[in-house]
Amino acid sequence: MNHLVKDNIEVYAHQTPKEGKSQCGDSYFFVATDDYFVCVLADGLGSGQYAYEASNAVVLAVEKNHHEDVETLMKFCNDALANKRGAAVSVLKVYFHAREFVYSCVGNIRFFLYSSKGKLTYPLPVTGYLSGKPQTYHTQRFSYDPHSKFLIFSDGYDFHGVKALLKGLFPVTMIADEIKRKYPTKSDDATFIIGSLH
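S.K.: I would appreciate a short explanation of the pairing of strand 11 (residues 190–197) in the present structure.
M.R.: Each regular strand displays side chains that alternate between the two surfaces of the sheet. Among the eight residues of strand 11, eight are classified as buried, and the element is accordingly described as predominantly covered. Of the two faces of strand 11, the one lined by Ala190, Phe192, Ile194 and Ser196 and the one lined by Thr191, Ile193, Gly195 and Leu197 are each fully buried. The sheet contact formed by strand 2 (residues 9–16) and strand 11 spans eight bridges and is antiparallel. Bridge pairing in strand 11 links Glu10 to Ser196. Bridge count between strand 10 (residues 148–153) and strand 11: six bridges; the pairing is antiparallel. Paired with Leu151 across the two strands is Ile194, which belongs to strand 11.

And the structure:
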(Lines give C-alpha, C1' and ligand atoms only; values in the text may rest on other atoms or scores of the structure.)
Protein backbone atom coordinates (compact mmCIF):
# COMPACT_ATOMS: atom_id res chain seq x y z
CA MET A 1 0.00 0.00 0.00
CA ASN A 2 1.34 3.38 -1.03
CA HIS A 3 0.68 6.39 1.23
CA LEU A 4 1.16 10.14 0.69
CA VAL A 5 0.50 12.80 3.32
CA LYS A 6 0.94 16.53 2.71
CA ASP A 7 -0.62 19.67 4.17
CA ASN A 8 -3.50 19.76 1.71
CA ILE A 9 -3.96 16.11 0.73
CA GLU A 10 -3.74 12.54 2.01
CA VAL A 11 -3.78 9.59 -0.41
CA TYR A 12 -3.69 5.81 -0.13
CA ALA A 13 -3.34 3.30 -2.96
CA HIS A 14 -3.73 -0.46 -2.87
CA GLN A 15 -3.20 -2.98 -5.67
CA THR A 16 -3.49 -6.75 -6.16
CA PRO A 17 -2.65 -8.80 -9.28
CA LYS A 18 -4.99 -11.35 -10.82
CA GLU A 19 -4.62 -14.74 -9.16
CA GLY A 20 -1.82 -16.74 -10.74
CA LYS A 21 -0.09 -13.71 -12.31
CA SER A 22 3.25 -12.44 -11.05
CA GLN A 23 2.71 -8.93 -12.47
CA CYS A 24 -0.29 -6.67 -12.04
CA GLY A 25 -1.70 -5.31 -15.31
CA ASP A 26 -2.71 -2.09 -13.54
CA SER A 27 -0.20 0.70 -12.87
CA TYR A 28 -0.55 4.00 -11.05
CA PHE A 29 1.45 7.04 -10.06
CA PHE A 30 0.73 10.12 -7.97
CA VAL A 31 2.69 13.13 -6.83
CA ALA A 32 1.88 16.30 -4.89
CA THR A 33 3.70 19.63 -5.20
CA ASP A 34 2.85 22.80 -3.29
CA ASP A 35 0.50 23.81 -6.12
CA TYR A 36 -1.10 20.64 -7.42
CA PHE A 37 -1.65 16.90 -7.10
CA VAL A 38 -1.53 14.57 -10.11
CA CYS A 39 -2.75 10.98 -10.19
CA VAL A 40 -2.87 8.49 -13.05
CA LEU A 41 -4.38 5.01 -13.04
CA ALA A 42 -3.95 2.74 -16.08
CA ASP A 43 -5.48 -0.69 -16.60
CA GLY A 44 -3.62 -2.59 -19.32
CA LEU A 45 -5.87 -4.76 -21.51
CA GLY A 46 -5.95 -8.36 -20.31
CA SER A 47 -3.54 -9.30 -17.54
CA GLY A 48 0.06 -10.33 -16.97
CA GLN A 49 3.25 -9.04 -18.58
CA TYR A 50 1.86 -7.27 -21.67
CA ALA A 51 -0.90 -5.59 -19.70
CA TYR A 52 1.76 -4.38 -17.25
CA GLU A 53 4.01 -3.11 -20.06
CA ALA A 54 1.12 -1.06 -21.47
CA SER A 55 -0.01 0.42 -18.15
CA ASN A 56 3.56 1.08 -17.02
CA ALA A 57 4.30 3.04 -20.24
CA VAL A 58 1.35 5.31 -19.38
CA VAL A 59 2.59 5.89 -15.84
CA LEU A 60 6.10 6.76 -17.03
CA ALA A 61 4.65 9.34 -19.47
CA VAL A 62 2.80 11.09 -16.62
CA GLU A 63 5.72 10.81 -14.20
CA LYS A 64 7.96 12.68 -16.68
CA ASN A 65 5.39 15.34 -17.56
CA HIS A 66 3.19 15.84 -14.50
CA HIS A 67 3.54 19.65 -14.76
CA GLU A 68 1.45 19.56 -17.98
CA ASP A 69 -2.35 19.98 -18.09
CA VAL A 70 -4.66 16.96 -18.14
CA GLU A 71 -5.51 17.11 -21.84
CA THR A 72 -1.80 17.13 -22.72
CA LEU A 73 -1.10 14.29 -20.30
CA MET A 74 -3.82 12.17 -21.90
CA LYS A 75 -2.21 12.76 -25.31
CA PHE A 76 1.19 11.69 -23.91
CA CYS A 77 -0.42 8.58 -22.41
CA ASN A 78 -1.98 7.70 -25.75
CA ASP A 79 1.32 8.24 -27.58
CA ALA A 80 3.09 5.97 -25.07
CA LEU A 81 0.72 3.12 -26.03
CA ALA A 82 1.62 3.01 -29.73
CA ASN A 83 2.65 -0.59 -30.56
CA LYS A 84 1.56 -1.80 -27.13
CA ARG A 85 -1.51 -3.67 -25.99
CA GLY A 86 -3.65 -0.67 -25.01
CA ALA A 87 -5.03 0.50 -21.68
CA ALA A 88 -7.91 2.20 -19.94
CA VAL A 89 -6.48 5.42 -18.51
CA SER A 90 -7.67 8.07 -16.06
CA VAL A 91 -5.79 11.24 -15.15
CA LEU A 92 -6.72 13.53 -12.27
CA LYS A 93 -5.09 16.88 -11.49
CA VAL A 94 -6.05 18.89 -8.41
CA TYR A 95 -5.15 22.59 -8.23
CA PHE A 96 -4.99 23.42 -4.52
CA HIS A 97 -5.13 27.22 -4.67
CA ALA A 98 -8.06 27.34 -7.10
CA ARG A 99 -9.79 24.43 -5.29
CA GLU A 100 -10.43 22.81 -8.64
CA PHE A 101 -9.77 19.44 -10.11
CA VAL A 102 -9.58 18.40 -13.74
CA TYR A 103 -10.40 14.83 -14.75
CA SER A 104 -10.24 12.82 -17.96
CA CYS A 105 -10.74 9.10 -18.53
CA VAL A 106 -10.95 6.69 -21.43
CA GLY A 107 -12.14 3.20 -20.50
CA ASN A 108 -13.65 1.43 -17.54
CA ILE A 109 -11.94 3.16 -14.63
CA ARG A 110 -14.36 4.78 -12.19
CA PHE A 111 -13.96 8.05 -10.28
CA PHE A 112 -16.10 9.46 -7.46
CA LEU A 113 -15.74 12.70 -5.52
CA TYR A 114 -17.72 13.06 -2.31
CA SER A 115 -17.98 16.61 -0.97
CA SER A 116 -18.12 17.51 2.71
CA LYS A 117 -21.66 18.76 1.98
CA GLY A 118 -22.77 15.28 0.89
CA LYS A 119 -22.73 15.69 -2.91
CA LEU A 120 -21.41 12.82 -5.03
CA THR A 121 -19.74 13.78 -8.35
CA TYR A 122 -19.22 11.03 -10.91
CA PRO A 123 -17.66 12.20 -14.20
CA LEU A 124 -18.49 9.75 -16.99
CA PRO A 125 -15.55 8.25 -18.89
CA VAL A 126 -15.22 7.97 -22.65
CA THR A 127 -15.78 4.33 -23.64
CA GLY A 128 -12.96 2.32 -25.20
CA TYR A 129 -9.25 2.45 -24.43
CA LEU A 130 -6.07 4.24 -25.46
CA SER A 131 -3.90 2.48 -28.02
CA GLY A 132 -1.88 5.18 -29.78
CA LYS A 133 -4.61 5.79 -32.37
CA PRO A 134 -6.30 9.24 -32.63
CA GLN A 135 -8.62 9.62 -29.67
CA THR A 136 -11.28 12.03 -28.41
CA TYR A 137 -10.99 13.07 -24.76
CA HIS A 138 -13.67 14.39 -22.47
CA THR A 139 -11.83 16.54 -19.93
CA GLN A 140 -13.98 17.92 -17.13
CA ARG A 141 -13.29 20.59 -14.52
CA PHE A 142 -14.95 20.73 -11.10
CA SER A 143 -14.56 22.80 -7.96
CA TYR A 144 -14.31 21.03 -4.60
CA ASP A 145 -14.99 21.85 -0.96
CA PRO A 146 -12.44 21.43 1.82
CA HIS A 147 -12.56 17.91 3.32
CA SER A 148 -13.83 16.30 0.12
CA LYS A 149 -12.83 12.69 -0.54
CA PHE A 150 -12.21 10.93 -3.85
CA LEU A 151 -11.99 7.33 -4.95
CA ILE A 152 -10.56 6.02 -8.25
CA PHE A 153 -10.60 2.31 -9.04
CA SER A 154 -10.04 -0.15 -11.87
CA ASP A 155 -12.68 -2.65 -12.97
CA GLY A 156 -11.23 -5.36 -10.73
CA TYR A 157 -13.46 -3.81 -8.07
CA ASP A 158 -17.24 -3.68 -8.13
CA PHE A 159 -18.22 -1.38 -5.28
CA HIS A 160 -21.79 -1.07 -4.07
CA GLY A 161 -22.76 2.08 -2.22
CA VAL A 162 -19.73 4.30 -2.84
CA LYS A 163 -21.46 7.16 -1.04
CA ALA A 164 -21.77 5.06 2.11
CA LEU A 165 -18.06 4.21 1.92
CA LEU A 166 -16.98 7.85 1.61
CA LYS A 167 -19.38 9.65 3.88
CA GLY A 168 -18.65 10.32 7.53
CA LEU A 169 -15.52 11.73 9.08
CA PHE A 170 -13.44 8.58 8.82
CA PRO A 171 -9.80 9.02 7.77
CA VAL A 172 -8.87 7.54 4.39
CA THR A 173 -6.71 4.92 6.11
CA MET A 174 -9.81 3.49 7.79
CA ILE A 175 -11.83 3.56 4.57
CA ALA A 176 -8.98 1.82 2.72
CA ASP A 177 -8.87 -0.93 5.36
CA GLU A 178 -12.65 -1.31 5.09
CA ILE A 179 -12.42 -1.69 1.28
CA LYS A 180 -9.70 -4.32 1.59
CA ARG A 181 -11.77 -6.23 4.17
CA LYS A 182 -15.12 -6.02 2.35
CA TYR A 183 -13.90 -6.45 -1.23
CA PRO A 184 -11.17 -9.09 -1.44
CA THR A 185 -10.46 -9.59 -5.14
CA LYS A 186 -8.50 -12.23 -7.09
CA SER A 187 -10.39 -12.68 -10.36
CA ASP A 188 -8.79 -9.63 -12.02
CA ASP A 189 -6.06 -7.05 -11.52
CA ALA A 190 -7.49 -4.56 -9.05
CA THR A 191 -6.37 -1.11 -7.87
CA PHE A 192 -8.01 1.57 -5.81
CA ILE A 193 -6.72 5.02 -4.85
CA ILE A 194 -8.50 6.99 -2.15
CA GLY A 195 -7.73 10.51 -1.00
CA SER A 196 -8.98 13.39 1.08
CA LEU A 197 -8.52 17.02 0.07
CA HIS A 198 -8.02 19.25 3.10
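Here the narrative resumes.
S.K.: Which parts of the structure should I look at to understand the sheet that holds strand 9 (residues 140–143)?
M.R.: Hydrogen bonding along the main chain pairs the strands of a sheet, whether they run parallel or antiparallel. Spatially, 3-4-5-6-9 is the arrangement adopted by the five strands of the open sheet, whose pairing is antiparallel. Either end of the sheet is taken by a strand with one partner, and the two such strands are strand 3 (26–32) and strand 9. Adjacent strand axes in the sheet meet at a mean angle of 10° when their direction is disregarded. Pairing geometry for strand 5 (residues 87–95) and strand 6 (residues 100–106), over seven bridges, is antiparallel. Across the sheet, residue Val94 finds its bridge partner in strand 6, namely Phe101. Against the sheet, helix 1 (residues 49–65) makes contact with strand 3, strand 4 (36–44) and strand 5, and its axis sits at roughly 165° relative to strand 4, the strand it touches most.

S.K.: Is there a simple way to think about the sheet that holds strand 10 in this case?
M.R.: Taken in spatial order, the six strands line up as 1-2-11-10-7-8 in an open sheet, and their pairing is antiparallel. Because the sheet does not close on itself, it has two edges, and the strands there are strand 1 (2–6) and strand 8 (120–121). Across five bridges, the pairing between strand 1 and strand 2 is antiparallel. Across the sheet, Val5 pairs through a bridge with Glu10, a residue of strand 2. Packed onto the sheet, helix 4 (residues 172–182) meets strand 1, strand 2, strand 10 and strand 11 and runs at close to 160° relative to strand 11.

Cut-offs and rules
- Residues numbered from 1 in each chain as written.
- Predicted model: local features only at pLDDT ≥ 70, side-chain atom pairs only at ≥ 80, totals over all residues.
- Heavy atoms only, no water.
- Buried < 20%, exposed > 50% of the residue type's maximum accessible area, 1.4 Å probe, protein only.
- Helix = DSSP H or I, 4+ residues; strand = E, 2+ residues; numbered from the N terminus.
- Pairing = 2+ DSSP bridges.
- Axes fitted to C-alpha atoms, helices over the stretch in contact; angles between N-to-C directions.
- Contact = heavy atoms within 4.5 Å.

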